[in-house]
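Each chain is listed here by its residues.
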Number of protein chains: 2
Amino acid sequence: MHRAAALPKSIAALLRARSTAGCAMAASTPRVPLPRELLRPLAVPHRLLLGPGPSNVSPRVRAAGGQQILGHMHPEVLQVMDDIKAGIQYAFQTQNRLTLAISGTGHCAMEAALINLLEGNDTMLVGTNGIWGQRAADIARRLGAKVHELLKPPGEYFTLQDIQEGLAQHKPSMLFITHGESSTGVLQPLEGLGELCHRHGCLLLVDAVASLGGAPILMDQQGIDVLYTGSQKALSAPPGSSPISFSERAREKMLRRKTRPPSFYLDMDCLASYWGCSGEPRMYHHTVPISGIFCLREALAILAEQGLENSWEQHQAVCTRLCQGLQDLGLELFVKEEAVRLPTVTTVRVPEGYNWKEITAFLMDKHSIEISGGLGPTAGKVLRIGLMGYNATQDNVDRLLRALRDALQHCQHSRL
Amino acid sequence: MHRAAALPKSIAALLRARSTAGCAMAASTPRVPLPRELLRPLAVPHRLLLGPGPSNVSPRVRAAGGQQILGHMHPEVLQVMDDIKAGIQYAFQTQNRLTLAISGTGHCAMEAALINLLEGNDTMLVGTNGIWGQRAADIARRLGAKVHELLKPPGEYFTLQDIQEGLAQHKPSMLFITHGESSTGVLQPLEGLGELCHRHGCLLLVDAVASLGGAPILMDQQGIDVLYTGSQKALSAPPGSSPISFSERAREKMLRRKTRPPSFYLDMDCLASYWGCSGEPRMYHHTVPISGIFCLREALAILAEQGLENSWEQHQAVCTRLCQGLQDLGLELFVKEEAVRLPTVTTVRVPEGYNWKEITAFLMDKHSIEISGGLGPTAGKVLRIGLMGYNATQDNVDRLLRALRDALQHCQHSRL
């Protein structure tokens, strides 16, 4: 028995007395039995996670996750929050004051962006060329906003011309676009997009969950108004804490809201105060995931020590090596145009005569390597290989290619 | 430099070429400088956390938090999710199928409950005798629901008579009440409440963030329709993963919704499918905080191994010892009636001639012990002492009482 102390009989008597009084202690006793499965030890096998995320975490980040907890308003935790803000400003290349981490996963950051910026009378234009645009459109519709989707087939990206036509036709107050479309493997070019949006009185919201740290993004220089990412991709921290930043333009739109956002947990006004972004004394809002922000802090520190440009180059180098190796195996890359291939997540067509599930299962069972099948519009069509952050090494590329060669030999001509 | 590999010059050339093409690589380069504060090592001093949460985590839970990550759809992670469901069913004493952990802190679980159960035409009755009722009322109003508050002074609780009058007058579809009012130190009696609510066609929603594991609560036997808690209180896991459960009655109300909840992240229909509560194949919804759920699993296992009744008795025993010790120091307990004192968080009046901030600062600086001041309606009036989960030991009571005696000697007659 853990933590249990022998209790004096007087306590049991006290509890019975309180029970009789019918006040604090229920008259009844537990009937739902002990869950037997919980009495087994926790088993966490080691795997090489080369899917589209999460990626493996480094020993340094793991150590941070195993630290003892502190109080959420202790000076050391507030310092960690300040460090995180500075780290995000560097990683995003922004000087936005309203920069912080959402206490949730990437989806939660997406929701935080939309819930604070959209009201019922807003129109949002969504670039949908994979699952993330669909997701943003879904959330915006739940919030009562008017949503128009610009559609492109999976594997393609939006040109400035596409966007310009959409802006002119629908006159949205916000454009949503995905920088790293991890369901298709496309890297959306961002140059000129901010300027174009601003000319049309529209905010630019960019999802960089799968790309941040792995491909160049320069929030201020590119005129991005809202940018967010996840912790479990190229930052290689556990999921659950998601960097986000808002430009002055975005902040002003939030200040002009007529209604309060339909969430307290994600209310950016409260979060800004809690994270010390407003220049006023910090106000308790919720309890941040302490272990999670220790990990995020270390992950951002690792990126800062390496340097953004080195990180971009590293991801590009391993992606290039991977793409070459895949082609050498006779496989066909899903994204034709090299310049718009996402360096962090590579998509490759499922070769004819193979069942994708058998390939991923073989890699997992025989090599303890995870890669993924498609998602949403690419389901059944592609395999997705992620080389992100701590996992973005040439050794991992070579290990994967060897394993994949093995899989292709063993899974051929399977039943479909 | 961490992880950085020497990159062939050809990569740099490739990147420059892509930059010129204006496609994937921005023409500009990073200008926001390295954040110096991130280059310092992470410092996490050891503290005894005897505030109202978070509490210290046990070595076993810390080890779980430092484990390597797995994919969010790996069988081992799905097993951990199943273990957690069983652990919550035991801790809550429920057989509800719709039982899972929200990927957020306790506030997020509160929001998940309200966002799924309330629509614009709903009326909610809120028992407000501290900050948590105020918070629930705030969220419900954001969601467009009609909110009536039953008010009681801090330190008091609601009788069945109070509730009955409120139900008869306002005819709400849901009653919100806080089991462990951590801002005031009150344990709300729950006996008869479920039956009363159901007689009035009303659902009973109970916040047990500060009480679960520390005071008896029997979800099914007490007729509670929605129950949630946090991970960082008596469960002694890091914050960021919050158990929640819904009765069949609550589930049926959600099924009758005319509008979709204004959140994708917290949509219980999607979460039920992801957590395997619906009896159908699991659907990916978001990436659960992997490290967080490893920790939560271990925390629930510790509670199961100890046994619920032992845990309740242990918390009661240390609370009794603490209350006696505080009175022996000449201090006055804030909650007069012994039977409704929350065993996990004890409130004591700030003694005359003392500044509460000096006492908490003294304990922190000289003894590395955290206790807290008041919150919301008790701000400035009380000190709050939490003895929860891993920290609920007689040794900690004695250590705190010694430190407090020291503080009372040194901080007396301070300027107010």
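Up top is the structure.
Now for a look at the structure at hand. (Residues numbered from 1 in each chain as written. Chains lettered and ligands numbered in written order. Predicted model: local features only at pLDDT ≥ 70, side-chain atom pairs only at ≥ 80, totals over all residues. Heavy atoms only, no water.)

Some thoughts on the relation of the copies chain B and chain A
Here is step 1 of the chain: If you rotate chain B by 180 degrees and push it 0.0 Å along the axis, it lands on chain A with an RMSD of 0.0 Å. A rotation of that kind, with that shift, is consistent with a two-fold axis. Identified as the residue of chain B closest to the rotation axis by C-alpha distance is G66 of chain B, at 2.1 Å.
Here is step 2 of the chain: When the interface residues of chain B are mapped onto chain A, 99% of them again fall at the interface, so both copies present the same face. (Least-squares fit on C-alpha atoms with pLDDT ≥ 70 in both. Contact = heavy atoms within 4.5 Å.)

Here we look at the packing of aromatic side chains
Residues and elements named next belong to chain B.
Here is step 1 of the chain: Enumeration according to the criterion identifies 2 aromatic pairs over all chains in this entry.
Here is step 2 of the chain: Measuring from ring centre to ring centre gives 6.5 Å for Y274 and Y284, while their planes differ by 85 degrees; the resulting arrangement is edge-to-face. Here Y274, found in helix α9 (residues 268–274), pairs with Y284, found in the loop between α9 and α10 (290–306); they are 10 residues apart in sequence, far enough to count as distant.
Here is step 3 of the chain: On the basis of relative accessibility, which here comes to 25%, the residue Y284 falls in the partly exposed class. (Phe/Tyr/Trp six-rings, centres within 6.5 Å; stacked < 30°, edge-to-face > 60°. Helix = DSSP H or I, 4+ residues; strand = E, 2+ residues; numbered from the N terminus. Buried < 20%, exposed > 50% of the residue type's maximum accessible area, 1.4 Å probe, protein only.)

Describing helix α3 (residues 75–92) of chain A
Residue and element names in this part refer to chain A.
Here is step 1 of the chain: For α3, which comprises 18 residues, the first-to-last C-alpha distance of 25 Å matches the rise-based estimate of 26 Å (1.5 Å per residue) to within 8%.
Here is step 2 of the chain: Most of α3 sits out of view: 14 of its 18 residues are buried.
Here is step 3 of the chain: Just downstream of α3 lies Q93, where phi reads positive at about 55 degrees. (Expected span 1.5 Å × (residues − 1).)

Considerations on the pattern of salt bridges
Here is step 1 of the chain: Per the counting criterion, the structure on display carries 38 salt bridges over all chains.
Here is step 2 of the chain: Because the salt bridges share partners, they merge into one network encompassing R60, D83, R297, E298 and E305 of chain A. (Salt bridge = Lys/Arg side-chain N within 4 Å of Asp/Glu carboxyl O.)

Things to note about the interface of chain B and chain A
Accessible area lost when the parts come together is the quantity often used to give the size of an interface.
Here is step 1 of the chain: Counting from both sides, the interface comprises 136 residues of chain B and, opposite them, 137 residues of chain A.
Here is step 2 of the chain: Summing both sides of the interface, chain B and chain A together bury roughly 11,700 Å²; the carbon and sulfur share of this comes to 61%.
Here is step 3 of the chain: A salt bridge links R47 of chain B to E76 of chain A, with the nearest nitrogen and oxygen atoms 2.5 Å apart.
Here is step 4 of the chain: Here chain B and chain A share 38 residue pairs in polar contact (both at pLDDT 80 or more) between them.
Here is step 5 of the chain: Mapped by element, the contributors of at least two residues to the side of chain B that touches chain A are α1 (9–20), α2 (59–65), α3 (75–92), α4 (106–117), α5 (131–142), α10 and α11 (308–328) of chain B.
Here is step 6 of the chain: For the side of chain B that touches chain A, the element with the highest residue contribution is α10 of chain B, accounting for 12 residues.
Here is step 7 of the chain: Residues belonging to the side of chain B that touches chain A are distributed by class as follows: 70 nonpolar, 40 polar and 26 charged. (Buried area = accessible area lost by both parts, 1.4 Å probe. Polar contact = N/O pair within 3.5 Å; in protein donor to acceptor, adjacent residues only side chain to side chain. Nonpolar A, V, L, I, M, F, W, Y, C, P; charged D, E, K, R; others polar.)

Some words on the sheet that holds strand β13 (residues 372–373) of chain B
All names here are of chain B.
Here is step 1 of the chain: With respect to topology, 3 strands assemble into an open sheet ordered β11-β14-β13, the strand pairing being antiparallel. Edge positions in the open sheet fall to β11 (345–349) and β13, since each of these has one partner strand only.
Here is step 2 of the chain: Taken together, the 5 bridges between β11 and strand β14 (residues 382–386) define a ladder with antiparallel strand orientation. By the bridge assignment for β14, V348 is matched with L383.
Here is step 3 of the chain: Against the sheet, α11 contacts β11 and β14, and its axis sits at roughly 10 degrees relative to β11. (Pairing = 2+ DSSP bridges. Axes fitted to C-alpha atoms, helices over the stretch in contact; angles between N-to-C directions.)

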